[in-house]
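Structural characterization, general
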Amino acid sequence: MRMKRSLLLTLLLSVAACKGSSDRSSQRTGSATIAPTAAAGPWPPDDLAEKMRHCPVTVIGVKTELEDVVTGVRFVLRGSTPAIAMEARRRARSLADFTAGRSKEKHGGGKGGGFMRNCPILTKDATVLAEDIDGGVQITVTPNDPAKLAEFRATARERFDRAPLERASIVREEKSDQGETRLYSGSVADLDGDGTLELVAGGFVADANGQRPTLVVYRQRGDSWAPLTEASWDSEPGSTVRNVEIADTDGDGKLDVIALGRIGASTHVASAHVTISSLEGGKLVQHARQDWRTGQYSHGYGLAIGDLDGDGKPEIVTSGFESDGKTVENGFVRIWKHERKGVIAPHGSVVLDGQGSPSMRVNDIAIGDVDGDGAPEIVAAGRHGPLKTEDSKDLSKRRETGDLAVLSFKHGQLTILARHSWLRGTSTRFRTVAIADLDGDRKPEIVVGGQYDGDGKAALVSLGFESSKLVVKQDASSATEGVTGEVKDLIVARDAKELRLIATGVMGDKPGRQGTVGAWRVKHGQIVRDASIVSRNGDETRTRAVLIVPSKHGNKVITIGHARTGTAVVGQLLQWTGGDLL
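On a predicted model such as this, the values are computed, not experimentally measured, just so you know.

Definitions and cut-offs
- Residues numbered from 1 in each chain as written.
- Predicted model: local features only at pLDDT ≥ 70, side-chain atom pairs only at ≥ 80, totals over all residues.
- Heavy atoms only, no water.
- Helix = DSSP H or I, 4+ residues; strand = E, 2+ residues; numbered from the N terminus.
- Buried < 20%, exposed > 50% of the residue type's maximum accessible area, 1.4 Å probe, protein only.
- Contact = heavy atoms within 4.5 Å.
- Areas by Shrake-Rupley, 256 points an atom, 1.4 Å probe, with all protein chains shown as cover.
- Core = buried A, V, L, I, M, F, W, Y, C linked by side-chain atoms within 4.5 Å.
- Polar contact = N/O pair within 3.5 Å; in protein donor to acceptor, adjacent residues only side chain to side chain.
- Pairing = 2+ DSSP bridges.
- Axes fitted to C-alpha atoms, helices over the stretch in contact; angles between N-to-C directions.
- Salt bridge = Lys/Arg side-chain N within 4 Å of Asp/Glu carboxyl O.
- pLDDT = per-residue confidence, 0-100.
- Expected span 1.5 Å × (residues − 1).
- Phe/Tyr/Trp six-rings, centres within 6.5 Å; stacked < 30°, edge-to-face > 60°.
- Lys NZ or Arg CZ within 6 Å of the ring centre and 35° of its normal.

1. Some thoughts on the overall build of the protein chain
- Helix and strand content of the protein chain: four helices and 33 strands.
- Burial statistics for the protein chain: of 582 residues in total, 57% are counted as buried.
- If you take every contact in the protein chain between residues at least 6 apart in sequence, the share linking residues at least 24 apart comes to 58%.
- In the structure as shown, the protein chain presents an accessible area of about 22700 Å², 48% of it carried by carbon and sulfur atoms.

This is the structure we're talking about:
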């Protein structure tokens, strides 16, 4: 298991976090207060906020409380200014008129096709009562059929959870004078042993030379994170940090920061690049670096740390893809040792081809004992299919197959134990992988997340390694039609009562995608969807890595990513609350 994930498990065991209830519906009564984002409009025509332009809860500057009442649900909206409160009241009265038959607007049949689209204030087969209150409006919604009350409440809350509102709070934003900063990954630990946590986030900052890879270190201050230092490597247009992990790689008792990415003149003329640094005197000091290229470009894209050979010192496992720049692109997995200061030595490598396709990319790796023999294996997740082109951005034209490989490192040799292809719909792409024992049989399962089908639904699948083969145990992917989504990063967390999967992703279509964090309970070995929170913290919000971090007020879910507002892109650390994530 990669060090980031094992660290998170330790944090959860040492700090009480999860609610641990198998009956989540009972915890959804009461109220939740949420405010819409203040990102500027007008929204693009296909954006969810545009589709909900008549919905009172999406008025910018309105805070909404949702609660169950005897006959249905009640929304209490309060505006930050009199003008905002007036607009919320106007929209609420329009809904009341609509359900009373006093409106000419057309209903879409409850499937998101009418003038209200996906508004949580349901109007199909329901009655809406709007009452002015001090600073806003109170909206009571009652189903016409009392027998459908439970289903009605559940639908209202499900829509409320994915409405384009600002649910995550911005912890930090990183900006560039050149207008673009992107963060992709991160890890958290007490780097200098002083009892205070540090968080390290990696990505790139646009500068005069193109892109400057960045490693930003923050120090915990209560529930906030203060910038401590920043480090980089050579600035070129194709350079970036993709993965960050924290571990003691040389056995000196001090934690190191391991960063993987690429360095080069462009994305198609680049070398994979890995560095090892440590925090010394408040600065991130680099001790070793290594880069490599096969063909025209090699990209580092996937990093895990673990003791593969049982010698007490962890190996550094990197993955990614490499190409001749013309007709072939292969995935790779490489093993390294931090043998001494300044030296990262290769200890094994393997190439994963496209299994008959011209392209294979590894997007993530994890380490764990998946065959129960007492020795850890490496699991690589990605996709194979056609070479990436402009058409690949169109989900309906994408034709890829999810690809999983199990590898063993024994006696200094890295070998492939099994490969497995998984396709659902017209296309599947695996983005992230984790390893955990889901059913309590002491033999871990492999959980992969990504995206599938022509409309881009979120994929989540568990597999077991049985008789030298990978076997699908459960397909827990989203089946909701017409809602674009994707699982970007996945961690497994455990408290005293249960296992939980926490994942980041995106929802919606370009250019108005929103960031998401989802949670699943593991019950009797089965993955059960528990919560999904959507947040807009810019015109477009993209959550990439997820961390669970302890604080004096309990464990917090923090995501690392970036957001676009207008033409500017900023790196973001977001803190998520509500929705029974933990």
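2. Points about the nonpolar core
- If you look at the biggest cluster of nonpolar residues, it comprises 24 residues, and the most contacted ones within it are V73, F75, L77, I121, V128, I139 and V141.
- Looking at this core, the elements that each hand over two or more residues are β2 (62-68), β3 (73-79), α3 (82-99), β4 (126-133), β5 (136-143) and α4 (149-162).
- With five residues, α3 is the single largest residue contributor to this core.
- Sequence-distant contacts of V141, that is, excluding residues within four places in its chain, are made with T71, G72, V73, F75, I121, L122, A126, T127, V128 and F152.

3. Considerations on the environment of D353
- Assignment of secondary structure puts D353 in the loop between β18 (343-352) and β19 (359-368).
- Each C-alpha atom of the pair D353 and E329 lies 7.7 Å from the other, and the pair is 24 residues apart in sequence.
- Setting aside its immediate chain neighbours within four residues, D353 contacts N330, M360 and R419.
- A polar atom in the side chain of D353 sits 3.1 Å from the backbone nitrogen of Q355.

4. Thoughts on the sheet that holds strand β6 (residues 169-174)
- Read across the open sheet, the four strands follow the order β6-β33-β32-β31; overall the sheet is antiparallel. In this open sheet, the two strands that pair with only one neighbour each are β6 and β31 (540-549). Averaged over all neighbouring strand pairs, the angle between strand axes comes to 25 degrees, with direction disregarded.
- Pairing of β6 with strand β33 (residues 568-576), which is carried by five bridges, proceeds in the antiparallel orientation. Bridge pairing links E173 to Q572 in β33.

5. Quick word on the pattern of salt bridges
- All told, the structure shown has 36 salt bridges when counted by the stated rule.
- In this structure, R157 engages D68 in a salt bridge whose closest nitrogen and oxygen atoms are separated by 3.8 Å. Of this pair, R157 sits in helix α4 while D68 sits in strand β2, and the two are 89 residues apart along the sequence.
- Judged by its relative accessible area of 12%, R157 falls in the buried class.
- Put simply, E230 and R212 hold a salt bridge, and the shortest N to O gap is 2.5 Å.

6. Re the confidence of the model for the protein chain
- Looking at the protein chain, the pLDDT average stands at 86 and 87% of residues meet or exceed 70.
- Low pLDDT, under 50, characterises residues 1-51; the stretch is placed with 146 contacts to residues that sit more than four places away or in other chains.
- In the model, residues 107-117 has pLDDT below 50 throughout and makes 28 contacts with residues more than four positions away in sequence or in other chains.

7. Let's talk about the pairing of β2
- In the sheet, β2 pairs with β3 via seven bridges, with the strands oriented antiparallel. Note on β3: the bridge partner recorded for T64 is L77.

8. Let's talk about the side chain of E322
- In this fold, E322 is placed in strand β16 (residues 315-323).
- A distance of 3.5 Å separates polar atoms of two side chains, one belonging to E322 and the other to T294.
- Once residues within four sequence positions are removed from consideration, E322 is found in contact with T294, Y297, S298, V328, E329, N330, F332, R334 and V351.

9. Section: α3
- Taking 1.5 Å per residue, 18 residues should reach 26 Å; α3 reaches 26 Å between its end C-alpha atoms and fits that length.
- Positive phi shows up at G101, right after α3, with a value of about 80 degrees.

10. So, the environment of I335
- When you line up the elements, I335 lands in strand β17 (residues 329-340).
- In the structure, I335 is positioned 17 residues away from T318 in sequence and 6.5 Å away in space, judged by C-alpha atoms.
- Setting aside chain neighbours within four positions, we find I335 in contact with L308, E315, I316, V317, A345, P346, H347, G348, I378, F409 and L414.

11. With respect to the packing of aromatic side chains
- This structure, assessed with the given rule, holds six aromatic pairs.
- Ring centres 6.0 Å apart and planes at 20 degrees place the aromatic pair W422 and F430 in the stacked group.
- Exposure remark for W422: the relative accessible area of 11% places this residue in the buried category.
- You can call F430 buried: its relative accessible area is 1%.
- The rings of W292, F332 and W336 are connected pair by pair, giving a single aromatic cluster.
- The side chain of R242 reaches across the aromatic face of Y184, ending 3.9 Å from its centre.
- Above the plane of the ring of F332 lies R334, whose end atom (NZ or CZ) is 5.9 Å from the centre.

12. Quick look at the environment of V570
- With respect to the secondary-structure elements, V570 resides in strand β33.
- V570 sits 396 residues away from E174 along the chain, and the two C-alpha atoms are 5.5 Å apart.
- Apart from residues no more than four positions distant in its own chain, V570 is found in contact with E173, E174, K175, T181, G561, H562 and A563.

13. Considerations on the pairing of β4
- For β4 and β5, the ladder comprises eight bridges, and the chain directions are antiparallel. Bridge pairing links D132 to V137 in β5.
- What sits between β4 and β5 in their antiparallel hairpin is a turn of two residues, with G135 showing a positive phi close to 80 degrees.

14. Section: the sheet that holds strand β7 (residues 181-189)
- Pairing in this open sheet of four strands is antiparallel, and the strands run β7-β8-β9-β10 from one edge to the other. Single-partner strands in this sheet number two, and they are β7 and β10 (224-231). Ignoring strand direction, the axes of neighbouring strands in this sheet form an average angle of 30 degrees.
- As paired elements, β7 and strand β8 (residues 198-207) share eight bridges and run antiparallel to each other. When the sheet's bridge partners are listed, A189 is paired in β8 with E198.

15. Section: the side chain of T428
- Tracing the sequence through the fold places T428 in strand β23 (residues 428-436).
- Ignoring any residue separated from it by four or fewer positions in sequence, one finds T428 in contact with R383, E400, T401, G402, W422, L423, Q451 and Y452.

16. Here we look at unusual backbone geometry
- For Q355, which is not a glycine, the phi torsion comes out positive at approximately 50 degrees.
- With respect to the helices, strands and loops of the structure, Q355 is situated in the loop between β18 and β19.
- Phi at H411 takes a positive value of approximately 55 degrees, unusual for a residue other than glycine.
- Tracing the backbone shows H411 in the loop between β21 (401-410) and β22 (413-422).
- A relative accessible area of 80% means that H411 is categorised as exposed.

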